[in-house]
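Each chain is listed here by its residues.
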Amino acid sequence: MASAVSLHHVSCVFESGAQVVRAVDDVSLDIRPGEFFTLLGPSGSGKTTCLRMIGGFALPTEGSIAIHGEDVSHKPPYLRPVNTVFQDYALFPHMTVLENVAYSLMIRGVDRAQREKRARELLEVVRLPDAAQRKPGQLSGGQRQRVALARALISEPKVLLLDEPLGALDLKLREQMQTELKALQRKLGITFIFVTHDQHEALSMSDRIGVFNRGRLEQVASPVDLYNRPATRFVADFVGAANVLDGEDARRLAGHPSIMIRPELIRLGGPEAARTHGLVEDVQYFGAFWRLRVRRNEGSALLADIPTTDGNSVPAAGSAVHLHWDPAAVHCIAAASAGARP
Amino acid sequence: MPSKMTASAPAASPWLKLATLWGVLFLHVPLALIILYAFSSEDKSYVFPPPGLTTAWFAVAWERHDVWEAIKLSGQVALVATAIAIVLGTLAAGGLARTKFFGREAISLMLILPIALPGVVSGIALRSAFHTLEIPFSFWTIVIGHATFCVVVVYNNAVARLRRISPSLLEASMDLGANAFQTFRYVLLPQLGSALLAGGLLAFALSFDEVIVTTFTAGQQTTLPIWMLQELIRPRQRPVTNVVAVFIIALTFIPIVAAYWLTRSDEDSHQR
Amino acid sequence: MSATAAATPSERTSAALTTRKGLLLTALLVPPLLWFGVVYVGSLLSLLANSFFSLDDFTGQVVRELSLYNFREILTPTYLDVILRTTLMAAAVTVACALIGFPVAYYMARHARGAQKALLYIAVMLPLWSSYLVRLYAWKLLLAKEGAIVWALQALHLEWLLEALLATPVIGGNSLSFSPLGTFVVFVYMWLPFMILPIQAAIERIPGAYLEASADLGASPAQTFGNVVLPLAMPGIAAGSIFTFSLTLGDYIIPQVIGNSSQYIGQVVYRQQGVAGNLPFAAAFSLVPILVIALYLWMAKRKGAFDAV
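Computed from a predicted model, the values in this text were never measured in an experiment.

Scoring rules and cut-offs
Residues numbered from 1 in each chain as written. Chains lettered and ligands numbered in written order. Predicted model: local features only at pLDDT ≥ 70, side-chain atom pairs only at ≥ 80, totals over all residues. Helix = DSSP H or I, 4+ residues; strand = E, 2+ residues; numbered from the N terminus. Rg over C-alpha atoms; globule rule 2.2 N^0.38 Å. Buried ≥ 20, exposed ≤ 12 C-beta atoms within 10 Å, placed from the backbone. Pairing = 2+ DSSP bridges. Core = buried A, V, L, I, M, F, W, Y, C linked by C-beta atoms within 7 Å. Contact = placed C-beta atoms within 7 Å. Axes fitted to C-alpha atoms, helices over the stretch in contact; angles between N-to-C directions. Nonpolar A, V, L, I, M, F, W, Y, C, P; charged D, E, K, R; others polar. Parallel < 35°, antiparallel > 145°, perpendicular 65-115°, else oblique. Left-handed = near helix turned anticlockwise from the far one by under 90°. Domains from an automatic or database assignment. Expected span 1.5 Å × (residues − 1). Bend = angle between axes of the 7 residues up to and from the residue. pLDDT = per-residue confidence, 0-100.

### Section: the overall build of chain C
Logical step 1: Scanning chain C for helices and strands turns up 14 helices and two strands.
Logical step 2: In terms of C-alpha radius of gyration, chain C reaches 26 Å, well past the compact-globule figure of 19 Å for 309 residues.
Logical step 3: Considering only C-alpha atoms, chain C reaches an extent of 90 × 75 × 40 Å along its principal axes.
Logical step 4: Counting across all 309 residues of chain C, residues that qualify as buried make up 45%.

### What about the overall build of chain A?
Logical step 1: Along its length, chain A carries 10 helices and 18 strands.
Logical step 2: Along the first, second and third principal axes, the C-alpha atoms of chain A reach 80 × 45 × 45 Å.

### A few points about the sheet that holds strand S12 (residues 258-261) of chain A
All names here are of chain A.
Logical step 1: Spatially, S11-S12-S18 is the arrangement adopted by the three strands of the open sheet, whose pairing is antiparallel. The open sheet has two edge strands, strand S11 (243-246) and strand S18 (331-332), and neither has a second partner.
Logical step 2: Here two bridges tie S12 to S18, and the two strands are oriented antiparallel to one another. What sits directly across from Ile 259, in S18, is Cys 332.

### Focus: the nonpolar core
Logical step 1: Membership of the largest hydrophobic core comes to 163 residues, with the highest contact counts inside it found for Ile34(B), Ala85(B), Cys150(B), Val151(B), Val154(B) and Trp191(C).
Logical step 2: With 17 residues, helix H9 (residues 180-204) of chain C is the single largest residue contributor to this core.
Logical step 3: With near-sequence residues (within four places) excluded, Val151(B) lies in contact with Ala85(B), Leu88(B), Gly89(B), Ala92(B), Leu111(B) and Pro32(C).
Logical step 4: One finds Val5(A), Leu128(A), Ala202(A) and Ile259(A) within the second-largest nonpolar core, a separate group that totals 94 residues.

### Regarding the sheet that holds strand S7 (residues 159-163) of chain A
All names here are of chain A.
Logical step 1: Within the open sheet, the six strands sit side by side as S6-S7-S8-S3-S9-S10. Their pairing is mixed. The open sheet has two edge strands, strand S6 (82-85) and strand S10 (216-221), and neither has a second partner. For this sheet, the mean angle separating the axes of adjacent strands, direction not counted, is 20°.
Logical step 2: Of the pairings in the sheet, the one linking S6 to S7 comprises four bridges and is parallel in character. In the sheet register, Val 85 faces S7, and the bridge partner there is Leu 162.
Logical step 3: Its contacts with the sheet place helix H5 (residues 141-153) against S6 and S7, and it is angled at close to 175° to S6.

### Quick notes on the interface of chain C and chain B
Logical step 1: Counting from both sides, the interface comprises 83 residues of chain C and, opposite them, 74 residues of chain B.
Logical step 2: Considering each element in turn, the side of chain C that touches chain B owes the most residues, 16 residues, to helix H2 (residues 23-51) of chain C.
Logical step 3: Residue composition of the side of chain C that touches chain B, grouped by class: 55 nonpolar, 19 polar and nine charged.

### Digging into the environment of Arg163(B)
Residues and elements named next belong to chain B.
Logical step 1: Structurally, Arg 163 can be placed in helix H6 (residues 139-164).
Logical step 2: In the structure, Arg 163 is positioned 55 residues away from Ala 218 in sequence and 37 Å away in space, judged by C-alpha atoms.
Logical step 3: If we ignore the near neighbours within four places in the chain, the residues touching Arg 163 are Ala 97 and Arg 98.

### Considering the packing of helix H1 (residues 14-38) of chain B against helix H5 (residues 114-129) of chain C
Logical step 1: Packing of H1(B) against H5(C) leaves a shortest axis separation of 10 Å and a crossing angle of 45°. Classed by the angle they form, the pair H1(B) and H5(C) counts as oblique. For the crossing formed where H1(B) meets H5(C), the hand is left-handed. Residues Val24(B), Leu27(B), His28(B) and Leu31(B) of H1(B) form the contact with H5(C), whose participating residues are Ala123(C), Val124(C) and Pro127(C).
Logical step 2: Residue composition of the contact of H1(B) with H5(C), grouped by class: six nonpolar, one polar and no charged.

### Quick word on the domain arrangement of chain C
For an interface, size is often stated in terms of accessible area lost upon the parts coming together.
Logical step 1: Here the domain parsing of chain C yields domain 1 (9-51) and domain 2 (73-302).
Logical step 2: Distance from the C-alpha centre of domain 1 of chain C to the C-alpha centre of domain 2 of chain C: 37 Å.

### Digging into H1(B)
Note on helix geometry: an α-helix contains 3.6 residues per turn, so any two residues three or four positions apart are oriented the same way.
All names here are of chain B.
Logical step 1: An ideal rise of 1.5 Å per residue puts 36 Å on 25 residues; H1 measures up with 36 Å between its terminal C-alpha atoms.
Logical step 2: Where H1 bends most, at His 28, the angle is about 35°, and the proline Pro 30 comes one to four residues later.
Logical step 3: If you check which residues of H1 are buried, you get Ala 19, Thr 20, Gly 23, Leu 27, Pro 30, Leu 31, Leu 33, Ile 34, Tyr 37 and Ala 38.

### Here we look at the packing of helix H6 (residues 132-143) of chain C against H9(C)
Residue and element names in this part refer to chain C.
Logical step 1: Following both chains from N to C, one finds H6 and H9 inclined at 145°, their axes separated by 11 Å at the closest point. Our pair here, H6 against H9, has a crossing hand that is right-handed. Residues Arg 135, Leu 136, Trp 139 and Leu 143 of H6 form the contact with H9, whose participating residues are Gly 182, Val 186, Tyr 189 and Met 190.

### Section: unusual backbone geometry
Residues and elements named next belong to chain A.
Logical step 1: At His 9, a residue that is not glycine, the phi angle is positive and equals roughly 50°.
Logical step 2: One can find His 9 in strand S1 (residues 5-16).
Logical step 3: The residue Arg 127 is not glycine, and still its phi comes out positive at about 60°.
Logical step 4: Taking the number of C-beta atoms within 10 Å as the measure of exposure, Arg 127 has 11 and is therefore exposed.

### Some remarks on the pairing of S11(A)
Residue and element names in this part refer to chain A.
Logical step 1: Covered by surrounding structure in S11 are Asn 243 and Leu 245 only, the residues Val 244 and Asp 246 on the alternate face being uncovered.
Logical step 2: Here S11 pairs with S12 via four bridges, running antiparallel. Residue Val 244 lies in a different strand from S12, and its bridge partner there is Met 260.

### Here's the deal with helix H7 (residues 167-175) of chain B
Logical step 1: Within H7(B), the full set of buried residues consists of Leu170(B), Ala172(B), Ser173(B), Met174(B) and Asp175(B).
Logical step 2: Immediately beyond the C-terminal end of H7(B), within one or two residues, lies Gly177(B), with a positive phi of roughly 110°.

### Looking at the pairing of S7(A)
Residues and elements named next belong to chain A.
Logical step 1: Most of S7 is tucked away: five of the five residues are buried.
Logical step 2: Side chains Val 159, Leu 161 and Asp 163 of S7 all project onto a buried face; the interleaved residues Leu 160 and Leu 162 project onto the opposite face, where all are buried too.
Logical step 3: Pairing geometry for S7 and strand S8 (residues 191-196), over five bridges, is parallel. From the neighbouring strand, Leu 162 faces S8, where its bridge partner is Phe 194.

### With respect to the environment of Thr59(C)
Residues and elements named next belong to chain C.
Logical step 1: Of note, Thr 59 is situated in the loop between strand S1 (54-55) and strand S2 (62-63).
Logical step 2: Its 8 C-beta neighbours within 10 Å are what place Thr 59 among the exposed residues.
Logical step 3: The sequence separation of Thr 59 and Ala 16 amounts to 43 residues, and the corresponding C-alpha distance is 58 Å.

### Comments concerning the environment of Phe92(A)
Logical step 1: Inspection of the secondary structure assignment puts Phe92(A) in the loop between S6 and helix H2 (97-101).
Logical step 2: Counting along the chain gives 183 residues from Phe92(A) to Arg275(A), while the straight-line C-alpha distance between them is 61 Å.
Logical step 3: Other than its neighbours up to four places away in sequence, Phe92(A) contacts Asn100(A), Leu169(B) and Val187(B).

### Thoughts on the confidence of the model for chain A
Logical step 1: When the pLDDT values of chain A are averaged, the result is 91; 96% of them are 70 or greater.
Logical step 2: Across chain A, the element-wise mean pLDDT spans from 86 in helix H10 (residues 247-254) of chain A up to 97 in strand S3 (residues 36-40) of chain A.

### A closer look at the confidence of the model for chain C
Logical step 1: In the predicted model, chain C carries a mean pLDDT of 84, and the fraction of residues at 70 or more is 96%.
Logical step 2: When mean pLDDT is taken per element in chain C, helix H4 (residues 77-111) of chain C scores highest with 91 and S2(C) scores lowest with 74.

Okay, structure coming up:
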C-alpha cells in the first residue's frame, strides 16, 4: 500500500545569526492513507516545521517529500494536493463565511451557483448552517475553527494538515472538538496529519503518533505501543507520567541499565516480597487516583498512582510504604534520546 | 497593546489645561480668521473686525482664469505623482515590512530623506540634476519631485497595515490553490486597500499643497501654491486670495480626515 | 492541479516567486530602489558636484572645474552673517516651540482620554496637514497694521507694548509683519505641531508605574516631573527639535513674506539659483544647512538626547 505522505531523510536547516539551527534533523516517515497521524512534541521540537514542509510553506534543505507517490519537495503550496487548517484559522476577514469556504472552488473557476451549493453542504457537515452570510469577525473561536475546517475540506484533498487547531479553545470545547474531528476523519476516510504538544490529545485521537524531540523523530507507534513501550527516555517522560530509572538502581531492580515503570502499575503492600520501600514525601489528589511521591534511600524517588476506588485510606506524608509491581510492568528502554541528555 | 498609562486619567491642574487650550487656539484661530475674511466686504480684507459680510468675492474668484489654470495644473500633478507614489510605496512596503536583511535600515532611511531634508536642499538638488542633464522644466519635472517625497507617505501607511496582516492569511490562500498573483488580487489587495487609499489621499494633499520643492522644479509653470505665493508677495486682489485660501483649506481638509478615518485602527498607542 | 502540462509564463513566475528565496524581495525592491537611487540620490550627488563648480562671471555659464571658490565665498562676513542669523532664529524657534508645545503634549498624553484625546490629536494634526501657504497667508493678514492682532492689543490698551517691542533693535521693525519678531512668531506657529506630536508619543510611552513608583518613594509631583518625566520625554523633545531646527534652517518663504530685508539661508539659496543664475554657489550654500543639522544631531546625541529611545 503506497504511503499517503512520505518524508525521506528530510532536514530543515537554517542560520540564525552565528548559529546553525537544525529545526528538522534527518526525519524519515511514512504515513498511511486514511490514517489519523499525529506529530507530537514540545515547542521547538520540529513538528510544526515538518508539517509546514509537507504543506509547502517551508522548503527542505535536504531530503525529499512525496504525497501519494508524487515528489512535491519544491512545489509551491497551491500545486500540492493537501489543505491546511491553520493554528489561527486564517479566515479571510473581508469575505463572508460562505465566500471563505468556497474560496478554493472560486480559484479553480467553478461557477458561483455550484460553489455556493457545495459550500453550504460543507457548512452542514461542520454544523454551522446559519453562518453563511456572517463575517469571521462575528464568530466565536470554535465556530471559526469549523469554518476553517469546511474551507479546507471543500476541494476534497487527499491529505488534511492540522496545525494545533484546538490550542486556542477552552478545555470543554477542546474535548468536544477532539471527538468531532475523530468522527469526521473516520467518516471522510482521508488522511489527517495533526500537530499538537498535548499528549492526552495525541493518545486519544490518533491511529499512530510520531514523537519529535529537538528536530529528530524519536519514535513512531500506535498510542498503546507508545505508552507501554516507549523507545527512548524522552518518549517515556513526555507521554504520560513515568518512573525512569537507570544505572545501578535499575540493574538491581530489573537487571537492565535503563527501565521505565508507569505509576499506575505500582501497588502498595506489605513488606514481604516488596520490590522496594521508602517514605511518602508528597500526596496529590487527582480525583480518580492519589499520586504518591515515595523517597527511597537506595535510589531516586518513585511516583505511585493509587486508585481512590480501592477503599483503602491513603498513607499520610512521612509514613513508610512498601512498593510492589508485576515483572511485566517493567519496560526496558532501548535507545538513547536525541541530543542525549547526560 | 497593553495600556501604559493608568486607566483613569488623573485630574490636570488648571494651569495645564489653560496652557493646552491656548496652544490649541494658537493653532486654529488664524485659520478661522481666514475663513471669516473670505466673507469680508472690505477690499483691504485684512481689516479687523470686517465691516460687513458678503459672498460676492466667491463669484469674482470663480471668474479668474489664472486661478483655474493653477488648480488644473496642481490637480494633474497631484494625481500622477500620487499614482507613482502608490506603486513605489507599496512595493517598498512589501519588501521592507516584515523582512530582515542587511541594508534594510539604510533603504528605509533613503525613503524618508526627501521629507527629512529641508525642502530647499531637495529642491535645489533636483534643480541641479535637471540643469546638469539639460532637462527643461516641464509637467514631468514637477511630477518627479512630488512623487519622490510622496512615496514615504504611502509607504508608512502600507507598512503599518502590512504589519497587522497575519502572514498565515497569505499561506492559507496559497494552500487553497491560489498562486501568487491570485493571492495578491483576492486576499492581499482587499486587506491593503483602505491603507493604500489613505496613503494616496495624504499624498494627494501633500502634492497639491507643496510649494518649496515645486518652485525649484516648475520653471515658469504655476501650480496653485505658486499662484498663492505670488499673491503673497505681490497681491493683486486680496479678497480673491482669501476665497482661494478657503477653497484650499476645504480641499485638503477632506482627504486628511478621510485618510485618518480609514486607518484609525492601524495606529497603535496614539489614540488609545 | 496538473504538474505535467507545460506551465504558462505567469504560472512559472508565480512558482518562482513563491519558492525561490529572495526573488520576491528583489522584485519588490528594485523599482523603488531604482527610482530613489537614480532620481533622489543622483540629484544629491549632482548637488554635491555642482557645489564644486563655479560660475564664469563673463559668460554666465557654469564652469565644470573642481574648485573651492564657492566655499571661500561662503566664509565671508556677508554670508557668515546670514548663517548666524538663521541658526539663531532656528534655535529660538526650537526653544519657543518646546515651551509652548510641552504642556499641550503632556496634557494629551497624561490627562486626555477617549473622545477628547482623539479630538486633540486631530486638532494638532490638522494644521500640520493644512496648506503651508494658507497658514502663512493667515498670519500675513493677522499681523497687518489694521489686522486682528493690533486690534486686539488696542482693545486691551497694550499698544505701548507693541511699540516698545518694535523699537527694539535686532528684533524690531516697521510693523509686526515687517520685523524679525513677526518672522519668529510665524515660524513658531508653523512648526508647533511637529514639536507636539513626538513629545506626546514619548510621554505616552512612559509606563504609569514609573510615576507611581516615584511618588511611592517620596517624590513630590515637581520632583517626579523633573527626575522621571522630563528625562524620559527628552527623546521626544529631541525629535521635535530636529524638525523645528531643520525646517527653520531651510525655509525661504516665511522670511520673505513676513520680515524685513535681512537674509536667511534659504533666501540666499533661492536667489542665487534663480535670479542670479549662480547655481553652483546656491548648491554650495545649500550644503550649509545640512552641515548645521548634522552638527546639531551630533551634539544632541552626545548629550544623550536619544538614550532613552
